Amino acid sequence: MGPRACPPKAASIVASTLSFLLLSCSQPGEVVGQGSEPLPRPKGIALHFNHRDSSRYRHPLTGEWRNGDNLEQALIAQIKSAEHELLVAVQELSLPAIAEALVQASQNGVKVHVVLENTYSTPWTELHPTDLPARGRQRLHQLQKLADRNRDGQLSAEERMRGDAVAILKRGGVPIIDDTEDGSRGSGLMHHKFIVVDQRRVVTGSANFTSSGLHGDVGAPNSRGNVNHLLSIDSMDLAAIFREEFELMWGDGPSGLNNSRFGRGKERRGPQVASIDGIRVEVLFPPHSPQDPEHGLNLIGRTLAKARQTIDMALFVFSAQSLTDVLAERHNAGVAIRLLADPGFASRFFSEVLDLLGLALPDRFCKLEAGNQPLTTPLKNIGTPRLARGDKLHHKFAVIDNKMVITGSFNWSPSAAHTNDETLLVIYSPKLAAHFTREMNRMWRSAELGITLRIQRKLDRQRARCGGGEELKEQVR
């Protein structure tokens, strides 16, 4: 299948902007909805977007002003507000200032407990490149560059000491465990991103506590960081639900009894409900068995199926065929659908973005994914945002009928539903939905829709390698 012809309006926009898009069949998105005037927010809920275009802060790596909310300072402010207890569960924490704030809170008498993913729970100053896979070596190099405060290419003893967030926590006496504390090799991923403050406030969202997750990559001046958001919700009821999840993982902490519970080792729990000043919040903590009707993909599917007018989605990973089926059914029922996905994941052979575009892409073994069902009539408003090199669309949110929001750490994938420790929220609030719609519109302004140049090139390469007939009939199992 060759590139689609762009309609005249899209072609004129393409011609007047970046010349490389002339090679593409994608179309720029058009903004629908609100402008930049302040939006009311629900009582008790604060919301931060690190690429927001209606606020600015000084970039801590470059010193330059940039658009967006300073998510790092928002996290530090929450930590400093604690009087009694801070429970932190996050896949990765590598920003020294956040670690220092947690140590200071502990020294002020606040109980501070931290749960990390086992891949990221060792101080980087104790790692050696030869013991790491390629991705680990790349991460180590980035952390070393981040610690090099005077940018002279050499790490002094003080820079190493002040630049290692996990080491700062350990030196400060903050108890830390990871998902091997249950005696296993770890869950699929300890993928949570939440803090519970004083048993009355929850901070959660899509962001890891890293430079690339909040601000951008050191040494890459164009990088603005992965596109992320954080929610701060004042609710003792919600905090109690999150605290229960934390305590299941924590067990007795790093005391050696192996009574921590991660992954499918946790007791099975379905969605729990909290009310925040009249706002209904459904909370689910995966993973669950694929046979469990309450697993995360089913919760998302049931929520999407409620749509009567619109569905907007901004997703890092989308690889669940069951949700494509729901979207197709809603589209046939007249629901207007918009999807933006991370450019890197959108073109992977297991991506449901390809299915929505009516495409099938073989893997490197020239095999198609088992059960793959590309739509016979592709959806139109499917695309990817334009991002700086190295940055990712890391959101995991959807807005349904301008009144329901799906968010959390949960990528729309079977591994998130059935393997990882995750947070999945469904929040019923038109006011909150308006903020996420504005973020969607911001990305939509410069989005590439349809078969992008990146996807087309990958299709062409795989078809040149694999052909398009009998060679593709054997499927991935």
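Residues numbered from 1 in each chain as written. Predicted model: local features only at pLDDT ≥ 70, side-chain atom pairs only at ≥ 80, totals over all residues. Heavy atoms only, no water.

Novice: Quick question: what am I supposed to make of the sheet that holds strand E8 (residues 193–197) here?
Specialist: Two pairing modes exist for strands in a sheet, parallel and antiparallel, and in both the strands are linked by backbone hydrogen bonds. Pairing is mixed across the open sheet formed by 7 strands, whose spatial order is E2-E10-E9-E8-E5-E6-E7. The open sheet has two edge strands, strand E2 (45–49) and strand E7 (176–178), and neither has a second partner. In this sheet, neighbouring strand axes are inclined to one another by 10° on average, regardless of whether the strands run parallel or antiparallel. Two strands pair when backbone bridges link them, and strand E6 (residues 111–116) and E7 are joined in this way by 3 bridges, in the parallel orientation. By the bridge assignment for E7, Leu116 is matched with Asp178. Against the sheet, helix H14 (residues 430–444) engages E2 and strand E10 (229–234), with an angle of about 5° to E2. (Pairing = 2+ DSSP bridges. Helix = DSSP H or I, 4+ residues; strand = E, 2+ residues; numbered from the N terminus. Axes fitted to C-alpha atoms, helices over the stretch in contact; angles between N-to-C directions. Contact = heavy atoms within 4.5 Å.)

Novice: Where do I start with H14 in this structure?
Specialist: For an α-helix, 3.6 residues make a turn, and residues three or four places apart therefore share a direction. In this model H14 runs 20 Å from its N-terminal to its C-terminal C-alpha over 15 residues, within 8% of the 21 Å that 1.5 Å per residue would give. Extensive coverage of H14 is indicated by the burial of 13 of its 15 residues. (Expected span 1.5 Å × (residues − 1). Buried < 20%, exposed > 50% of the residue type's maximum accessible area, 1.4 Å probe, protein only.)

Novice: Can you walk me through the state of the cysteines in this structure?
Specialist: Two cysteines form a disulfide when their sulfur atoms are joined by a covalent bond. By the definition in use, this model includes 1 disulfide. The side chain of Cys366 participates in a disulfide bridge whose partner is Cys466; the two sulfur atoms lie 2.0 Å from each other. The disulfide joining Cys366 to Cys466 has a torsion of about -75° about its S-S bond and is therefore left-handed. In this pair, Cys366 is assigned in the loop between helix H12 (352–356) and strand E15 (368–369) and Cys466 in helix H15 (residues 453–466), connecting sequence segments 100 residues apart. Cys466 sits in the buried class, given a relative accessible area of 4%. (Disulfide = S-S within 2.5 Å.)

Novice: Help me understand the packing of aromatic side chains in this model?
Specialist: Aromatic ring pairs are described here by two measures, namely the spacing of the ring centres and the angle between the planes. Summed over the entire model, instances satisfying the criterion amount to 8 aromatic pairs. Centroid distance Phe246 to Trp250: 5.8 Å. Interplanar angle 20°. Geometry classified as stacked. Placement of both Phe246 and Trp250 in helix H8 (residues 236–250) is noted, with a separation of 4 residues, approximately one turn of the helix. Exposure remark for Phe246: the relative accessible area of 0% places this residue in the buried category. Trp250 gets classed as buried once you look at its relative accessible area, which sits at 5%. Taken together, the ring pairs in this structure connect Phe49, Phe397 and Phe436 into an aromatic cluster. The aromatic ring of Trp444 is capped on one face by Arg338, whose charged end is 4.9 Å from the ring centroid. Taking NZ or CZ as reference, Arg348 lies 4.0 Å from the ring centre of Phe345, over its face. (Phe/Tyr/Trp six-rings, centres within 6.5 Å; stacked < 30°, edge-to-face > 60°. Lys NZ or Arg CZ within 6 Å of the ring centre and 35° of its normal.)

Novice: Even after reading the chapter, I still don't get the nonpolar core, so can you show me in this structure?
Specialist: If you look at the biggest cluster of nonpolar residues, it comprises 44 residues, and the most contacted ones within it are Leu238 and Phe242. Per element, the largest residue contribution to this core is 7 residues, and it comes from H8. The contacts of Phe242, once residues within four sequence positions are left out, are Phe194, Val196, Val202, Thr204, Val283, Phe285, Thr423 and Leu425. (Core = buried A, V, L, I, M, F, W, Y, C linked by side-chain atoms within 4.5 Å.)

Novice: Where do I start with the pattern of salt bridges in this structure?
Specialist: The full count for this structure, using the stated rule, is 19 salt bridges. Note that Asp234 and Arg201 form a salt bridge whose closest N and O atoms lie 3.4 Å from each other. Of this pair, Asp234 sits in strand E10 while Arg201 sits in strand E9 (residues 201–205), and the two are 33 residues apart along the sequence. Between Arg442 and Glu439 there is a salt bridge; the shortest N-O distance is 3.0 Å. Taken together, the residues Arg442 and Glu439, both in helix H14 and 3 residues apart, mark about one turn of the helix. Residue Arg442 is classed as buried on the basis of its relative accessible area, which comes to 16%. (Salt bridge = Lys/Arg side-chain N within 4 Å of Asp/Glu carboxyl O.)

Novice: Teacher, can you tell me more about the packing of helix H9 (residues 296–304) against helix H10 (residues 321–332) here?
Specialist: A packed helix pair is summarised by two numbers, namely the angle formed by the two axes and the spacing between the axes. Relative to each other, H9 and H10 sit at 5°, their axes nearing to 10 Å. As judged from the angle between their axes, H9 and H10 are roughly parallel. Touching Leu297, Ile300, Gly301 and Leu304 of H9 are Ser322, Leu323, Val326, Leu327 and Arg330, all from H10. Within the contact of H9 with H10, the residues separate by chemical class into 6 nonpolar, 2 polar and 1 charged. (Parallel < 35°, antiparallel > 145°, perpendicular 65-115°, else oblique. Nonpolar A, V, L, I, M, F, W, Y, C, P; charged D, E, K, R; others polar.)

Novice: Can you walk me through the side chain of Asp312 in this structure?
Specialist: Mapped onto the elements, Asp312 comes out in strand E13 (residues 310–315). Under the relative-accessibility criterion, Asp312 is labelled buried at 8%. In terms of polar contacts, Asp312 uses its side chain to reach the side chain of Arg338, at 2.8 Å. Discounting residues that sit within four places of it in the chain, Asp312 has contacts with Arg338, Phe397, Ala398, Val399, Thr437 and Met440. (Polar contact = N/O pair within 3.5 Å; in protein donor to acceptor, adjacent residues only side chain to side chain.)

Novice: Mind showing me how you'd approach a positive patch on the surface here?
Specialist: Positive charge collects at one region of the surface, where Arg135, Arg348, Lys392 and Arg454 lie side by side. Within the secondary structure layout, Lys392 lies in the loop between strand E16 (382–384) and strand E17 (396–400). On the accessibility criterion, Lys392 (35% relative accessible area) is partly exposed. (Patch = residues over 30% accessible without salt bridge, like charges linked within 9 Å, V, L, I, M, F, W, Y side chains within 5 Å. Areas by Shrake-Rupley, 256 points an atom, 1.4 Å probe, with all protein chains shown as cover. Lys, Arg positive; Asp, Glu negative; His and termini not counted. Charge placed at Lys NZ, Arg CZ, Asp CG, Glu CD.)

Novice: Quick question: what am I supposed to make of the pairing of strand E12 (residues 279–284) here?
Specialist: Among the 6 residues of E12, 5 are classified as buried, and the element is accordingly described as predominantly covered. As defined by bridge partners, strand E11 (residues 272–276) adjoins E12 across 5 bridges and the pair is classed as antiparallel. Each bridged residue has a counterpart across the sheet, and for Val273 the counterpart in E12 is Glu282. Between E11 and E12, which follow one another and run antiparallel, lie 2 residues, and Asp277 among them has a positive phi close to 50°. Here E12 pairs with strand E19 (residues 424–428) via 5 bridges, running antiparallel. Opposite Val283, over in E19, you have Leu425 as the bridge partner.

Interpretation in functional terms is not warranted from these geometric data alone.
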